[in-house]
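# Report on the structure
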Amino acid sequence: MSKRILVATGGGDCPGLNAVIRGIVKSAKLDGNWDIIGCVESYNGLLKDEIDVIPLTAKDVSGIHVKGGTIIKTTNRGGPFHFPVQQSDGSWIIENRSQLLLQRLDDLGIEAIISIGGDGSQRISLELMKLGVNIVGVPKTIDNDLSCTDFTFGFQTAVQIATEAVDKLVTTAESHNRVFILEVMGRDAGWIALYTALGGGSEVCIIPEIPYDPKIIAEKIEARYKNGEGFCNIVIAEGAKRIGGEVTGTAPSAIGDEHIKLGGAGDKLKYELEQMGVKHDIRVTVLGHLQRGGIPIAYDRVLATAFGVKAFELVKEKKYGTMVVYNHPDITYVPLQNVVEKFNFINPQTNSFLCAAKKIGISFGD
């Protein structure tokens, strides 16, 4: 009888998810004696009243490495320990359905789970491991904020999309003598903003790790103008905040969603600059989910495929409670506990790319 692996994609969608799934399925099929089952919408497929899982065959994953999103869908709400349930009166409660998950894994004869997701997903992986679940994690986040791995798949595609946006904004900024603020994703870590500023040649980069002083940014802008002519391009992460300030966002409204909805950092910076006396025309562009969607670039397809293959190998070798990582030049693994102990922040004092950015004149508002 074939052994069964359950695959789940959790958190926000990300370019390269399908490439991971394909890597798992194709390597398992070539090895033989394995069946791969996809759990629809992360763990929801096993937590709902009616089970929603789909078998994944070689035919199902043929060619999907070039597609964005995930063929088994995803969600960043709920989970086995905080599952939202609507009551007969229309109200909602949060249930711990971890025991139901364990029972259904047993009913389906699941040998192990491969969980593809970011920090929140891997924290769930760690808790499931403590309950005795055989589980292997695969790092996924466009923010690149998971520890222990050089890169997470999806990050490079997000940077490419954001850099292309800067390339377009530079020409219109120069044509109209404008200041353009591009708001990119980055809740707690500013990797996308940093790489985009370097790749696109922005004059200012604002990241969560360095609270900014609007006065310093205003001075940088003015230095870009002479006799009213000039332009300036600013990249700001959604999680950025001024010195002594707070992040910009709204409380979550969806049941089961515990994340503050970040957004508005660019508009807030525009207002602050205008209050500082900047008279130049300032425009704000928010990339939002454009960074998540679409075709993954070749780098992310390659990395994601290698991650998928390695995840299957770890299951086969029964190296559970681990997460696949990329430590150049190797695809290897680390304990899940190591992954969730801390975020992968940019160290302003030691990061080589941030130091390089400063040495070519990019201001971080500090």
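Residues numbered from 1 in each chain as written. Predicted model: local features only at pLDDT ≥ 70, side-chain atom pairs only at ≥ 80, totals over all residues. Heavy atoms only, no water.

### Points about the packing of helix α7 (residues 214–223) against helix α8 (residues 265–275)
- Two elements in contact, α7 and α8, have axes whose closest approach is 9 Å; the angle formed by their N-to-C orientations is 75°. Classified by the angle their axes make, α7 and α8 are roughly perpendicular. Here Pro214, Ile217, Ala218 and Ile221 of α7 lie close against α8, whose contacting residues are Leu269, Glu272 and Leu273.
- Partitioned by chemical class, the residues of the contact of α7 with α8 number six nonpolar, no polar and one charged. (Axes fitted to C-alpha atoms, helices over the stretch in contact; angles between N-to-C directions. Helix = DSSP H or I, 4+ residues; strand = E, 2+ residues; numbered from the N terminus. Parallel < 35°, antiparallel > 145°, perpendicular 65-115°, else oblique. Contact = heavy atoms within 4.5 Å. Nonpolar A, V, L, I, M, F, W, Y, C, P; charged D, E, K, R; others polar.)

### Quick word on the pattern of salt bridges
- A complete count under the given rule lists 15 salt bridges for this structure.
- Among the salt bridges present, the one from lysine 316 reaches aspartate 31, with a minimum N-O distance of 2.5 Å. Residue lysine 316 is located in helix α9 (residues 298–316), and its partner aspartate 31 is located in helix α1 (residues 17–31); the two are separated by 285 residues in the primary sequence.
- By relative accessible area, which is 43% here, lysine 316 ends up partly exposed.
- With a relative accessible area of 34%, aspartate 31 lands in the partly exposed category.
- Each of the salt bridges in this network shares a partner with another, and the network as a whole consists of Asp49, Glu95 and Arg97. (Salt bridge = Lys/Arg side-chain N within 4 Å of Asp/Glu carboxyl O. Buried < 20%, exposed > 50% of the residue type's maximum accessible area, 1.4 Å probe, protein only.)

### A look at the pairing of strand β16 (residues 322–327)
- For β16, the buried fraction is high: five of the six residues fall into the buried class.
- Sheet topology places strand β7 (residues 135–139) next to β16; two bridges connect them, and they run parallel. Bridge pairing links glycine 137 to methionine 323 in β16.
- With six bridges joining them, β16 and strand β17 (residues 330–335) adopt antiparallel strand pairing. In the sheet register, tyrosine 326 faces β17, and the bridge partner there is isoleucine 331. (Pairing = 2+ DSSP bridges.)

### So, the sheet that holds strand β8 (residues 179–184)
- Read from one edge to the other, the open sheet built from four strands follows the order β9-β12-β8-β15, with strand pairing classed as parallel. Across the chains shown, the open sheet's two edge strands, defined by having one partner strand only, are β9 (204–206) and β15 (282–286). Strand-to-strand twist across the sheet, computed as the mean angle between neighbouring axes with direction ignored, equals 20°.
- One ladder, built from five bridges, connects β8 with β15; its direction is parallel. Among the inter-strand pairings, glutamate 183 is bridged to a residue of β15, identified as valine 286.

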